[in-house]
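Geometric and topological summary
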Amino acid sequence: MKCPICGNEHTGKLSKSRYFCSICFIEIFLSRKEELQIYKILEDGTTCPIAATN
Ligand SMILES: [Zn+2]
């Protein structure tokens, strides 16, 4: 999975459909329909949705 924001190709894989970019500090969720959902990881460890693409 390539980070859709910064283009980093070395994203970490958290699970089948969850990836992590250590440059942007975001989690990328890939839905069954291959829709990307991007969540910013906040300082307290919670996530906040920042974008969704079709
Ligand atoms: Zn990134």
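This text goes with the structure placed above it.
Because the structure is a prediction, the values reported are computed rather than measured.

1. Description of the coordination of the zinc ion
Listed as protein donors to the zinc ion are C3 (SG), C6 (SG), C21 (SG) and C24 (SG); their distances from the metal cover 2.2 to 2.3 Å. Each of the four donor atoms around the zinc ion contributes to a set of angles spanning 105 to 115°, which defines the coordination as tetrahedral. Mapped onto the sequence, the residues coordinating the zinc ion show the spacing C-x2-C-x14-C-x2-C. The residues C21 and C24 share a single accessibility class, namely buried.

2. A few points about the pairing of strand 2 (residues 18–21)
Residues Y19 and C21 line the buried face of strand 2, whereas the alternating positions R18 and F20 sit on a face that is not buried. By the bridge criterion, three bridges tie strand 1 (residues 12–15) to strand 2 in an arrangement that is antiparallel. Paired with G12 across the bridge in strand 2 is F20. Joining the antiparallel neighbours strand 1 and strand 2 is a turn of two residues. Pairing between strand 2 and strand 3 (residues 26–30): four bridges, direction antiparallel. Its bridge partner lying in strand 3, Y19 is registered against I28. The hairpin turn running from strand 2 into strand 3, its antiparallel successor, is four residues long, and F25 in that turn takes a positive phi close to 55°.

3. Focus: the pattern of salt bridges
Enumeration according to the criterion identifies one salt bridge in this entry. Linking R18 and E27 is a salt bridge whose minimum nitrogen-to-oxygen distance equals 2.8 Å. Residue class for R18 comes out partly exposed when judged on its relative accessible area of 30%. Residue class for E27 comes out buried when judged on its relative accessible area of 11%.

What counts, and where the lines are drawn
- Residues numbered from 1 in each chain as written.
- Predicted model: local features only at pLDDT ≥ 70, side-chain atom pairs only at ≥ 80, totals over all residues.
- Heavy atoms only, no water.
- Donors = N, O, S within 2.8 Å, 3.2 Å for Na, K, Ca; no water.
- Tetrahedral: all angles 85-135°; square planar, octahedral: opposite > 155°, others 65-115°.
- Buried < 20%, exposed > 50% of the residue type's maximum accessible area, 1.4 Å probe, protein only.
- Helix = DSSP H or I, 4+ residues; strand = E, 2+ residues; numbered from the N terminus.
- Pairing = 2+ DSSP bridges.
- Salt bridge = Lys/Arg side-chain N within 4 Å of Asp/Glu carboxyl O.

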